[in-house]
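What follows is the residue order along each chain.
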Amino acid sequence: MSTSEHITDLLVSNFGTDPESIGDDVPLRRLRLDSLALEELRLLIEDRMDIDLEDVEITSRDTVGRLVSAVHDKVTA
């Protein structure tokens, strides 16, 4: 499973996000992810992918693609 697929799966299963609304250029705020939801998503990603995202800055203004890229960089580091 790719980084993008993991994140899409988490968004759909934990936040009820419509898979059709998830795209690389979609801002996270458009998926109704506020700061609390982003923190929850960060923890879910860390657990699922066994990585530490403590130093990764992601806000609701960032895009899904930016999130995927940041996570992928940690996975491959």
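Bear in mind that the values here come from a model prediction, so they are computed numbers and not experimental data.

**Q** Explanation requested: the overall build of the protein in the structure shown.
**A** Scanning the protein from terminus to terminus reveals 3 helices and 0 strands. Compactness check: the protein gives a C-alpha radius of gyration of 11 Å against a globular reference of 11 Å for 77 residues, within 12% of the reference. A principal-axis box enclosing the C-alpha atoms of the protein has dimensions of 30 × 25 × 20 Å. Here the protein, with 77 residues, has 40% of them falling under the buried criterion. Looking at the protein alone, contacts between residues at least 24 apart form 57% of all its contacts between residues at least 6 apart. For the protein, the accessible surface area stands at approximately 4,800 Å², while carbon and sulfur atoms represent 45% of it. Of the side-chain charges in the protein, 8 are positive and 18 negative, and the distance between the mean point of each set is 7 Å.

**Q** Sorry if this is basic, but what is going on with the nonpolar core here?
**A** General note: in soluble globular proteins, nonpolar side chains tend to be found buried as a group. Core analysis: the biggest nonpolar cluster contains 22 residues, and L28, L31, L33, I45, L67 and V71 have the highest contact counts within it. Contributing elements (two or more residues each) for this core: helix 1 (3-15), helix 2 (35-49) and helix 3 (64-76). Discounting chain neighbours no more than four positions away, the residues touching L67 are I7, L28, L41, I45 and I58.

**Q** Got a minute to help me understand the side chain of T17 in this structure?
**A** Inspection of the secondary structure puts T17 in the loop between helix 1 and helix 2. Only 3.2 Å separates the side chain of T17 from the backbone oxygen of L11, close enough to count as a polar contact. Among all residues touching T17, those that are not within four sequence positions of it are L11, V12, I22 and L31.

**Q** Got a minute to help me understand the side chain of D62 in this structure?
**A** Relative to the helices and strands, D62 resides in the loop between helix 2 and helix 3. Summary of buried charges: D62 has no salt-bridge partner, and the nearest side chain of opposite charge, R66, is 4.0 Å away.

**Q** Looking at this model, I keep getting lost on helix 2. Mind explaining?
**A** One turn of the α-helix equals 3.6 residues, which is why residues spaced by three or four share an orientation. Its 15 residues place the ends of helix 2 21 Å apart at the C-alpha level, agreeing with the 21 Å of an ideal helix rising 1.5 Å per residue. Among all positions of helix 2, only A37, L38, L41, R42, I45, E46 and M49 are buried. A distance of 3.2 Å separates the backbone nitrogen of L36 from a side-chain oxygen at the start of helix 2, and that oxygen is part of D34. After helix 2 finishes, the residue D50 shows a positive phi value of roughly 55°.

**Q** Just checking my understanding: could you explain the environment of R29 for this structure?
**A** Locating R29 in the fold gives a position in the loop between helix 1 and helix 2. Setting aside its immediate chain neighbours within four residues, R29 contacts S60 and R61.

So, how was this worked out
Residues numbered from 1 in each chain as written. Predicted model: local features only at pLDDT ≥ 70, side-chain atom pairs only at ≥ 80, totals over all residues. Heavy atoms only, no water. Helix = DSSP H or I, 4+ residues; strand = E, 2+ residues; numbered from the N terminus. Rg over C-alpha atoms; globule rule 2.2 N^0.38 Å. Buried < 20%, exposed > 50% of the residue type's maximum accessible area, 1.4 Å probe, protein only. Contact = heavy atoms within 4.5 Å. Areas by Shrake-Rupley, 256 points an atom, 1.4 Å probe, with all protein chains shown as cover. Lys, Arg positive; Asp, Glu negative; His and termini not counted. Charge placed at Lys NZ, Arg CZ, Asp CG, Glu CD. Core = buried A, V, L, I, M, F, W, Y, C linked by side-chain atoms within 4.5 Å. Polar contact = N/O pair within 3.5 Å; in protein donor to acceptor, adjacent residues only side chain to side chain. Salt bridge = Lys/Arg side-chain N within 4 Å of Asp/Glu carboxyl O. Expected span 1.5 Å × (residues − 1).

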